Amino acid sequence: MTIHRWPAACALAFLAAPAMAADQGTINVICGVQAEWCNLVQTTFSRTTGIKVNMVQKGAGEALAQLTAEAANPKTDLWFGGTGDPHLQAAEKDLTLGYQSPNINLLREWAAAQAKQAGYKTVGIYSGPLGFAYNTELLAKKKLKAPLCWADLVDPRYKGEIQMANPNSSGTAYLVIATLVQLTGEEKAFEYLKGLHKNISQYPRSGTGPLKNVSHGENTISISFVHDVPGEVLQGFPVKSVTPCEGTGYEIGSMSIVKGARNLANAKKFYDWALTAPAQELGAAAKQFQLPSNKDAKVDPRVPDIKRIKLINYDFEKYGKASERKRLLERWEKEVNAN
């Protein structure tokens, strides 16, 4: 799938951009953020550098699976966005290339720390907290209260009203499992997931799927990133968000150069550019409200204030390991999804 739609809200920025540079080759990118942001990144980078960007959009779990399958003959040069755990797993599996960008010093501490942890095989480009979204009109119609805590979601009154993504294909959903394990311990977490399963209507493939379904009134509640909700509100959808009272995990959305990239020089140019403030500000321009990793990037007021959110001390090193992901997903498939 080649992404080519240009968001109308960014027309002025497009007109103000420099003239198209001379042809400088190509780069093949997997994009793990929402389509409008992918579009804007693709068009802006291509227009300002002359490098043609071939881009496909995939969830983090699907992207990792593709890089694993193509390891002997990579067709992708760079992986942009998506939750950090699968990026760390790709680094551990030696699917990505160590590259210390000269722009690493422009980043917030958590992004630079992730890069160092991974031997510079990945780097944080944004961050955002996990929570719930709900359709206010459907809640009122069904006379349901908005969930405020993880414990609320297993209440029988929410049977068939909740969606979360499939953790086999979605980094967001894997983050849900890893968060619960860290909050309660593994045994209690899986008992909880079994209870939650009874209330789940569907496990969409992508992490943004549940929220989109809630926005369109196809489901009532989603487990998703709360930074995705303001963009839905801007489009006029009756959606609100909350972060769970017990505490929650968060993502470090990441970027990685693929080992064996055929267009390595262009991949490094893209990587360096993506760490700059103007490049990271494209997220908010595309109505996406994660916290940019560049310290100088403007922070939109609609970005969730992490100072007001109870975040767990998420163990990216442990849950970023391929063996831990494989073990937890196998257990989820056997004990939760099979029932």
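Everything here concerns the structure above.
This write-up is about the structure you can find in this document. Quick caveat, the model's predicted, so the values are computed rather than measured.

1. Regarding the overall build of the protein chain
- If you tally the helices and strands in the protein chain, you get 15 helices and 10 strands.
- Computed over its C-alpha atoms, the radius of gyration of the protein chain comes to 19 Å, within 12% of the 20 Å expected for a compact globule of 339 residues.
- Its C-alpha atoms give the protein chain principal-axis dimensions of about 60 × 40 × 35 Å.
- Each charge class in the protein chain was averaged separately, 39 positive and 32 negative side chains, and the resulting centres sit 2 Å apart.

2. Observations regarding the state of the cysteines
- The full count for this structure, using the stated rule, is 2 disulfides.
- Shown here is the disulfide that connects Cys31 with Cys38, its sulfur atoms set 2.1 Å apart. Its torsion about the S-S bond being -95 degrees, the disulfide of Cys31 and Cys38 is classed as left-handed. Like Cys31, the residue Cys38 is buried in the burial classification.
- One disulfide bridge connects Cys149 with Cys245, the sulfur atoms lying 2.0 Å from each other. A torsion of 120 degrees about the S-S bond marks the disulfide between Cys149 and Cys245 as right-handed.

3. A look at the packing of aromatic side chains
- Applying the stated rule across the entire model yields 14 aromatic pairs.
- Taken together, a centroid distance of 5.2 Å and an interplanar angle of 50 degrees make the contact between Phe45 and Trp273 tilted. Of this pair, Phe45 sits in helix 2 (residues 35–49) while Trp273 is found in helix 11 (residues 264–274), placing the two residues 228 residues apart along the sequence. The same class applies to Phe45 and to Trp273, which are both buried.
- Ring plane angle 75 degrees and centroid distance 5.3 Å describe the contact between Tyr250 and Phe316, whose orientation is recorded as edge-to-face. Residue Tyr250 is found in strand 9 (residues 250–257), and its partner Phe316 is found in helix 14 (residues 316–319); the two are separated by 66 residues along the sequence. The same class applies to Tyr250 and to Phe316, which are both buried.
- Counting every residue linked through ring pairs, the aromatic cluster contains Trp37, Phe45, Phe80, Tyr126, Phe270 and Trp273.

4. What about the pattern of salt bridges?
- What the rule picks out here adds up to 17 salt bridges.
- Put simply, Glu335 and Lys194 hold a salt bridge, and the shortest N to O gap is 3.7 Å. Of the two residues, Glu335 sits in helix 15 (residues 322–337) while Lys194 sits in helix 8 (residues 186–197), which places them 141 residues apart along the sequence.
- Here the salt bridges do not stand alone but share partners, grouping Glu186, Glu187, Glu191, Lys194, Glu324, Arg327, Arg331 and Glu335 into one network.

5. Regarding the side chain of Ser215
- With respect to the secondary-structure elements, Ser215 resides in helix 9 (residues 209–215).
- Here the side chain of Ser215 touches Glu232 through a polar contact of 2.8 Å, side chain to side chain.
- Apart from the residues lying within four places of it in its own chain, the contact partners of Ser215 are Asn135, Glu232, Phe237, Pro238 and Val239.

6. Examining helix 8
- For helix 8, built from 12 residues, the straight-helix expectation of 16 Å at 1.5 Å per residue is met to within 8% by its first-to-last C-alpha distance of 16 Å.
- Within the sequence span of helix 8, burial applies to Glu186, Ala189, Phe190, Tyr192, Leu193, Gly195, Leu196 and His197.
- Contact partners of the buried residues in helix 8: strand 5 (162–163), helix 7 (171–184), strand 6 (200–202), strand 7 (221–225) and helix 15.

7. Some details on unusual backbone geometry
- Of note, Tyr120 is a non-glycine position whose phi angle comes to about 60 degrees, a positive value.
- Mapped onto the elements of the fold, Tyr120 is located in the loop between helix 5 (109–117) and strand 4 (123–135).
- Residue Lys287 is not a glycine yet carries a positive backbone phi of 65 degrees.
- You can see Lys287 is positioned in the loop between helix 13 (282–285) and strand 10 (291–292).
- Relative accessible area serves as the criterion here: at 23%, Lys287 is assigned to the partly exposed category.

8. A look at the environment of Val123
- Inspection of the secondary structure assignment puts Val123 in strand 4.
- Classification of Val123 by relative accessible area gives buried; the value is 0%.
- In this structure the C-alpha to C-alpha distance between Val123 and Ile252, which are 129 residues apart in sequence, comes to 8.7 Å.
- Ignoring any residue separated from it by four or fewer positions in sequence, one finds Val123 in contact with Ile104, Leu107, Ala111, Gln114, Ala115, Gly253, Ser254, Met255, Tyr271 and Leu275.

9. Considerations on the pairing of strand 4
- A large share of strand 4 lies buried, amounting to 13 of its 13 residues.
- Note that strand 4 and strand 9 share 6 bridges and pair antiparallel. Looking at strand 9, one finds that Gly128 is bridged to Glu251.
- Sheet topology places strand 4 next to strand 7; 5 bridges connect them, and they run antiparallel. Its bridge partner being in strand 7, Gly131 is matched across the sheet by Ser224.

10. Focus on the packing of helix 8 against helix 15
- With their axes 10 Å apart at the nearest point, helix 8 and helix 15 run at an angle of 45 degrees to one another. As summarised for this structure, helix 8 and helix 15 are arranged oblique, according to the angle between their axes. In the packing of helix 8 onto helix 15, the handedness of the crossing is right-handed. Each of Glu186, Glu187, Phe190, Leu193, Lys194 and His197 in helix 8 lies in contact with helix 15, whose residues at this interface are Arg327, Leu328, Arg331, Trp332, Glu335, Val336 and Asn337.
- Broken down by class, the residue content of the contact of helix 8 with helix 15 amounts to 5 nonpolar, 2 polar and 6 charged.

Calculation rules
Residues numbered from 1 in each chain as written. Predicted model: local features only at pLDDT ≥ 70, side-chain atom pairs only at ≥ 80, totals over all residues. Heavy atoms only, no water. Helix = DSSP H or I, 4+ residues; strand = E, 2+ residues; numbered from the N terminus. Rg over C-alpha atoms; globule rule 2.2 N^0.38 Å. Lys, Arg positive; Asp, Glu negative; His and termini not counted. Charge placed at Lys NZ, Arg CZ, Asp CG, Glu CD. Disulfide = S-S within 2.5 Å. Buried < 20%, exposed > 50% of the residue type's maximum accessible area, 1.4 Å probe, protein only. Phe/Tyr/Trp six-rings, centres within 6.5 Å; stacked < 30°, edge-to-face > 60°. Salt bridge = Lys/Arg side-chain N within 4 Å of Asp/Glu carboxyl O. Polar contact = N/O pair within 3.5 Å; in protein donor to acceptor, adjacent residues only side chain to side chain. Contact = heavy atoms within 4.5 Å. Expected span 1.5 Å × (residues − 1). Pairing = 2+ DSSP bridges. Axes fitted to C-alpha atoms, helices over the stretch in contact; angles between N-to-C directions. Parallel < 35°, antiparallel > 145°, perpendicular 65-115°, else oblique. Left-handed = near helix turned anticlockwise from the far one by under 90°. Nonpolar A, V, L, I, M, F, W, Y, C, P; charged D, E, K, R; others polar.

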